[in-house]
Each structure stands twice: as structure tokens, then as C-alpha cells.
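Survey of secondary and tertiary structure
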Amino acid sequence: MALDTQKIIDDLKDASILELNDLVKAIEEEFDVKAAAPVAAAGAAGGDAAAEKDSFDVELTEAGQEKVKVIKEVRGITGLGLKDSKDLVDGAPKVIKEGVAKADADEMKSKLEAVGATVTLK
């Protein structure tokens, strides 16, 4: 028996939403398949790529050898006083800025890495 593809397509165009829903359920039950599984997997993969993170936390992972220079950079970035900046650097790993835009986070990271610190963007 050959399928009349065009007739099937025409019948589907004329069907109501409820009839199409019943058809999908019947096909799923008859052939033990899920119509939504491939669509959901493709949607999730595309959604992850499209939903790129837009705010970052800048974490000072390690101060490195040039601790004084790192403290100065942290002070400039955060606006904290000298003692607070020193405490933050001494307590590494610590988040020094939260919810920063990607461009700003990259700039902070490059400034801190230029003076020998290790920085992680989360």
C-alpha cells in the first residue's frame, strides 16, 4: 500500500487543533514514541547557546607575587579603602565585584592579571 502524501498533508491542513492533538497522541501510543522529545532537545541546545551569560562575578583567585600592585588595582576597581582592599586580597579567593557586564569583567580581569593576580569570571 503506497501512501498518498499529498492527501495526508491536505487532511492535516483541514484538521482542528484538537484533532491534531488526538492524532499525535494516537501515533505516540501506537508506535511507542514521543513527538516532543526531539523538539525539546533541539530547543534546549539552541536555548543554551542563545542565552549567553550577560553578567559576571569577578573573583580574585590568587594574589600572586606582586601583592601590593594587586591591592592597588583592587582598590581602584572596588573603590574600597586601603585596609579593606588588603583584607580582600589576603582573603583570596574572594569575589571582588558581582553582576558586572562582560566587557567590564574582562577589563577588570586583564588589569588584575597584568599585575600578577589570578582571576576567575563566574
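Residues numbered from 1 in each chain as written. Predicted model: local features only at pLDDT ≥ 70, side-chain atom pairs only at ≥ 80, totals over all residues. Heavy atoms only, no water.

Some points on the overall build of the chain
In plain terms, the rule: Numbering goes from the N terminus for both helices and strands, where a helix is a DSSP run of H or I of at least four residues and a strand is a run of E of at least two. Categorising residues by exposure relies on relative accessible area from a 1.4 Å probe, with only protein chains included: less than 20% of the type maximum marks a residue as buried, more than 50% marks it as exposed, and the intermediate range marks it as partly exposed. Here, residues are in contact when the closest pair of their heavy atoms is within 4.5 Å. Surface accessibility follows the Shrake-Rupley procedure with a 1.4 Å probe radius. Residue values consider only the protein chains on display as shielding.
Helix and strand content of the chain: 6 helices and 3 strands. When the helices and strands of the chain are placed in sequence order, the string is α-α-α-β-α-α-β-α-β. When the 122 residues of the chain are sorted by exposure, 17% land in the buried category. Taking the intrachain contacts of the chain between residues at least 6 apart in sequence as the baseline, contacts between residues at least 24 apart amount to 64%. Counting only carbon and sulfur atoms, one obtains 56% of the accessible surface of the chain, whose full area is about 8,800 Å².

Focus: the pattern of salt bridges
Note the threshold: Any carboxyl oxygen of Asp or Glu that lies within 4 Å of a side-chain nitrogen of Lys or Arg is treated as forming a salt bridge with it.
For the structure shown, the criterion picks out 8 salt bridges. The shortest N-O distance in the salt bridge between Lys67 and Asp90 comes to 2.6 Å. Here Asp90 lies in helix 5 (residues 82-90) and Lys67 lies in helix 4 (residues 67-78), a separation of 23 residues in the sequence. The class for Lys67 is partly exposed, based on a relative accessible area of 37%. On the accessibility criterion, Asp90 (35% relative accessible area) is partly exposed. Among the charged side chains, a salt-bridge network with shared partners connects Lys67, Lys86 and Asp90.

Here's the deal with the sheet that holds strand 2 (residues 94-101)
The cut-off we apply is this: The rule for pairing is simple: two strands pair if DSSP sees at least two bridges between them. Geometry is summarised by axes, namely lines fitted to C-alpha atoms with helices restricted to the contacting stretch, and by angles between N-to-C directions that run from 0 to 180 degrees.
Read from one edge to the other, the open sheet built from 3 strands follows the order 2-1-3, with strand pairing classed as antiparallel. Strand pairing shows two members of the sheet lacking a second neighbour, strand 2 and strand 3 (118-121), which therefore form its edges. Neighbour-to-neighbour, the strand axes of the sheet open up by a mean angle of 25°, direction not taken into account. Bridge count for strand 1 (residues 55-62) against strand 2 is 5 bridges, and the pairing is antiparallel. Following the sheet pairing, Val58 is matched in strand 2 by Lys97. Its contacts with the sheet place helix 4 against strand 1 and strand 2, and it is angled at close to 40° to strand 2.

The values are spatial; any link to function lies outside them.
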